[in-house]
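One-letter residues, chain by chain:
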Amino acid sequence: MKLGFVVIYVDDVREVLNFYQQAFDLKVRMEYKEHDHLLYGELETEGAILGIASHIMGKESFRGDYQKLSVNSLPFGQTLVFVTDDVYQKWGDAIKAGAVAISAPQEKPWGQIVAYLRDKAGTLIEICTPMKA
């Protein structure tokens, strides 16, 4: 099995796509619109594709309602993890792009530098250095 996509369902697809472009320099791979309404977009990463979908698509896909992300509620028990050699720079870029700080970069006992934040939709994000072998 290969992890191909991670999809986040949000209120405003454009806003969240813009956040990831500004915060992490991710490039938009594709966008899907219906009646001039942006319903879905994909961002290229060096691994799985990060999809940003509207709640309209979520309700259609899941045939009903579901628990929605919100910056105002507790984060879900899942994390998007971005690996970089410069956690401090990417942390700063994400904060400038509108991220909500959870835990500033700090070195962990196992040698990684790790930081946590939330995107504009409420997704929990970890930014960390690569694990040393």
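Now for a quick tour of the structure. Source: prediction; values computed, not measured.

Strand pairing within a sheet occurs via backbone hydrogen bonds; the two strands may be parallel or antiparallel. As summarised here, the arrangement of the four strands in space is β1-β4-β3-β2, forming an open sheet in which the pairing is mixed. In this open sheet, the two edge strands, each paired with only one partner strand, are β1 (5-10) and β2 (27-34). For this sheet, the mean angle separating the axes of adjacent strands, direction not counted, is 20°. Inspection of the sheet shows β2 paired to strand β3 (residues 37-44) by seven bridges, in the antiparallel sense. Bridge pairing links Tyr-32 to Tyr-40 in β3. Packing against the sheet, helix α2 (residues 55-62) makes contact with β1, β3 and β4 (49-54), and its axis sits at approximately 90° to β4.

Turning our attention to the packing of aromatic side chains. Applying the stated criterion across every chain, the model contains eight aromatic pairs. Between Tyr-9 and Tyr-66, the aromatic rings sit 5.9 Å apart at their centres with planes inclined by 65°, giving edge-to-face as the arrangement. Taken together, the residues Tyr-9 in strand β1 and Tyr-66 in the loop between α2 and β5 (80-83) connect sequence positions 57 residues apart. Here Tyr-20 and Phe-82 contribute two aromatic rings whose centre-to-centre distance is 6.2 Å and whose plane-to-plane angle is 40°, an arrangement assigned as tilted. On the criterion of sequence distance, the pair formed by Tyr-20 in helix α1 (residues 13-24) and Phe-82 in strand β5 is long-range, its members being 62 residues apart. Taken together, the aromatic side chains of Phe-19, Tyr-20, Phe-24 and Phe-82 make up a single cluster linked through ring pairs. The cationic tip of Lys-68 hangs over the ring face of Tyr-66; the distance from NZ or CZ to the ring centre is 5.7 Å.

This paragraph deals with the side chain of Lys-90. Looking at where Lys-90 falls in the secondary structure, it is placed in helix α3 (residues 87-96). Residue classification places Lys-90 among the buried residues on the basis of a relative accessible area of 17%. The contacts of Lys-90, once residues within four sequence positions are left out, are Ala-23, Phe-24, Asp-25, Thr-84 and Ile-127.

For the rest of this paragraph, the subject is the packing of α1 against α3. Contact geometry of α1 with α3 gives a least axis separation of 7 Å together with a crossing angle of 145°. Pair α1 / α3 crosses with right-handed handedness. Contact residues: α1 offers Phe-19, Gln-22, Ala-23 and Phe-24, while α3 offers Lys-90, Asp-93 and Ala-94. Residue composition of the contact of α1 with α3, grouped by class: four nonpolar, one polar and two charged.

A few words now on the pairing of strand β8 (residues 124-128). In terms of residue burial, β8 counts as a mostly covered element, since five of its five residues are buried. On β8, burial covers both faces: Leu-124, Glu-126 and Cys-128 on one face and Ile-125 and Ile-127 on the other are all buried. Note that β5 and β8 share four bridges and pair parallel. Its bridge partner being in β8, Val-81 is matched across the sheet by Glu-126. Here five bridges tie strand β7 (residues 113-118) to β8, and the two strands are oriented antiparallel to one another. Residue pairing across strands places Tyr-116 opposite Glu-126, the latter belonging to β8. What sits between β7 and β8 in their antiparallel hairpin is a turn of five residues, with Gly-122 showing a positive phi close to 110°.

Rules used throughout
- Residues numbered from 1 in each chain as written.
- Predicted model: local features only at pLDDT ≥ 70, side-chain atom pairs only at ≥ 80, totals over all residues.
- Heavy atoms only, no water.
- Pairing = 2+ DSSP bridges.
- Helix = DSSP H or I, 4+ residues; strand = E, 2+ residues; numbered from the N terminus.
- Axes fitted to C-alpha atoms, helices over the stretch in contact; angles between N-to-C directions.
- Contact = heavy atoms within 4.5 Å.
- Phe/Tyr/Trp six-rings, centres within 6.5 Å; stacked < 30°, edge-to-face > 60°.
- Lys NZ or Arg CZ within 6 Å of the ring centre and 35° of its normal.
- Buried < 20%, exposed > 50% of the residue type's maximum accessible area, 1.4 Å probe, protein only.
- Left-handed = near helix turned anticlockwise from the far one by under 90°.
- Nonpolar A, V, L, I, M, F, W, Y, C, P; charged D, E, K, R; others polar.

Everything listed here is a matter of coordinates, which is why it stays silent on function.
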